[in-house]
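These are the residues of each chain, in order.
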Amino acid sequence: MHIDEAIRSRRAVKGYDAGFSLSAEEKNELLQLALLAPTAFNLQHVRLVEVSDPALRQQIRAVGWDQAQMTDASMLVVICAQLDSWEKNASRVWEGAPAEVQQFMAGAIDNYYRGKPQVQRDETMRSCGLVAQTLMLAARGKGLDSCPMDGFDFDAVAKLINLPDNHVIGLMVAVGKKAVEAKPRIGKLPFDEAVIRDRF
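Remember, predicted model here, so these are calculated numbers, not experimental data.

**Notes on the overall build of the protein**
- A tally of helices and strands in the protein yields ten helices and four strands.
- Mapped from its N terminus to its C terminus, the protein presents α and β elements in the order α-α-β-α-α-β-α-α-α-α-β-α-β-α.
- Per-residue burial over the protein gives 40% buried out of 200 residues.
- Within the protein, contacts between residues at least 6 apart in sequence are counted, and of these 80% link residues at least 24 apart.
- Surface exposure of the protein reaches about 11,700 Å², of which carbon and sulfur atoms provide 53%.
- For the protein, the centre of its 24 positive side-chain charges and the centre of its 26 negative side-chain charges are spaced 4 Å apart.

Rendered as structure tokens:
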């Protein structure tokens, strides 16, 4: 599927064919494509929790407004990120770059993040969004459907997936084969209202 078609036809689908399944290889390919998304400073701080245990998915649904896609979609991914990756992994993600680049990036990363918890969190949320969108477009490109979700009890889901204290959840994405058509696009704001040239 051409990328333009994938973008135009991607919708937040709520109803999935529960009998349709993706193989482990197909899931891994989607996850690998998602991880090609850009992340701040190349920190690669996003962690993808692919939930395949049916009982765990049922527990997540119970704290997720009883959204059917949490159990019925072929794949459920909790998109998380490591808050302190800037401190723990900066040297790893620039390994192989020239020494002067590694040194520059180490200083730039430290200056950007140190002592700035809001920046640390904001950057993880941006990166989670980029990875989520890449996952959804990769899925659409393969003729699959998806649904981004933030309608759930974040603390409860964090406990269910044993989220480490230095991680946060950005959102979830369900992927599968739709069982119902997406509702028509409605309420789209005018292009000239949404797009500003140079300044407000």
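Now that the structure has been shown, the text picks up again.
**So, the nonpolar core**
- Of all hydrophobic cores here, the largest spans 21 residues; its most connected members are Leu30, Met75, Ile79, Leu135, Val173 and Val175.
- For this core, the secondary structure elements donating two or more residues are α2 (24–34), β2 (75–82), α8 (117–141) and β4 (167–176).
- The element contributing the most residues to this core is α8, with seven residues.
- If near-sequence neighbours (up to four positions away) are discounted, methionine 75 is found in contact with Leu22, Lys27, Leu30, Leu31, Glu50, Arg57, Val173, Ala174 and Val175.
- In this structure, Val13, Cys80, Ala158 and Ala174 belong to the second largest nonpolar core, which totals 20 residues.

**Considerations on the packing of α2 against α8**
- Two elements in contact, α2 and α8, have axes whose closest approach is 8 Å; the angle formed by their N-to-C orientations is 135 degrees. When the axis of α2 is compared with that of α8, the two are oblique. Crossing of α2 over α8 shows right-handed handedness. Along its contact with α2, which presents Leu30, Leu33 and Ala34, the element α8 presents Val131, Thr134, Leu135, Ala138 and Ala139.

**A short note on the sheet that holds strand β3 (residues 145–149)**
- Spatial strand order, β1-β2-β4-β3: four strands in an open sheet with antiparallel pairing. Every other strand in the sheet has two partners, leaving β1 (46–51) and β3 as the edge strands with one partner each. Looking at each pair of strands side by side, their axes are set apart by 25 degrees on average, direction ignored.
- Summarising the sheet, β2 and β4 pair through eight bridges and their orientation is antiparallel. Following the sheet pairing, valine 77 is matched in β4 by valine 173.
- Relative to the sheet, α8 contacts β1, β2, β3 and β4, its axis offset from that of β4 by approximately 10 degrees.

**Focus on the side chain of histidine 167**
- Its place among the elements puts histidine 167 in strand β4.
- You can call histidine 167 buried: its relative accessible area is 14%.
- Filtering out sequence-adjacent residues up to four positions away, histidine 167 remains in contact with Arg47, Ala81, Gln82 and Leu83.

**Quick word on the pattern of salt bridges**
- Using the criterion set out here, one finds nine salt bridges in the structure.
- When the shortest N-O distance is used, the salt bridge between lysine 88 and aspartate 84 registers 3.3 Å.
- Beyond isolated ion pairs, a larger network of salt bridges with shared partners links Glu87, Asp110 and Arg114.

**Comments concerning the UniProt feature "domain: Nitroreductase" (unreviewed entry) in the protein**
- Residues given the UniProt feature "domain: Nitroreductase" (unreviewed entry) here are residues 7–177.
- Overall, residues 7–177 shows 48% helix and 17% strand. The separation of its end C-alpha atoms is 17 Å.

**Focus on α8**
- Under the 1.5 Å per step criterion, the end-to-end length of α8 is 36 Å for 25 residues, consistent within 8% with the ideal 36 Å.
- Taken from the residues just after α8, glycine 143 is the one with a positive phi, measuring 80 degrees.

Conventions and cut-offs
Think of each chain on its own: its residues are numbered from 1, step by step along the sequence as written. Given that the model is predicted, a residue must reach a pLDDT of at least 70 before its local features are reported, and side-chain atom pairs must reach 80 or more before they are shown or counted; all residues, however, enter totals for whole chains, interfaces and linings. As a convention, hydrogens and water are excluded, and side-chain values are obtained from all of the structure's heavy atoms. Numbering goes from the N terminus for both helices and strands, where a helix is a DSSP run of H or I of at least four residues and a strand is a run of E of at least two. Using a 1.4 Å probe on the protein chains alone, a residue whose accessible area is under 20% of its type maximum counts as buried, one over 50% counts as exposed, and one in between counts as partly exposed. Throughout, a contact is declared for two residues whenever any of their heavy atoms are within 4.5 Å. The protein chains shown are the only cover counted for residues, whose accessible areas, like all others here, come from Shrake-Rupley with a 1.4 Å probe. As used throughout, the charge tally considers Lys and Arg to be positive and Asp and Glu to be negative, leaving His and the chain termini uncounted. For this purpose, a charge sits on NZ of Lys, CZ of Arg, CG of Asp or CD of Glu. We call a set of buried residues a nonpolar core when its members are Ala, Val, Leu, Ile, Met, Phe, Trp, Tyr or Cys and they connect through side-chain atoms within 4.5 Å of each other. The convention used is that axes are lines fitted to C-alpha atoms, helices contributing only their stretch in contact, and that angles between N-to-C directions extend from 0 to 180 degrees. By definition in this entry, angles of less than 35 degrees are roughly parallel, angles greater than 145 are roughly antiparallel, angles of 65 to 115 are roughly perpendicular, and the rest are oblique. Whether a crossing is left-handed or right-handed is set by the direction in which the near helix is turned from the far one by less than a right angle, anticlockwise for left-handed and clockwise for right-handed. Any two strands between which DSSP finds at least two bridges are classified as paired. Each salt bridge in this description consists of a side-chain nitrogen of Lys or Arg and a carboxyl oxygen of Asp or Glu lying within 4 Å of one another. UniProt positions are given in the numbering used here, feature names are shortened, and annotations may be inferred rather than shown by experiment. The span you would expect from a helix comes to 1.5 Å times its residue count less one.

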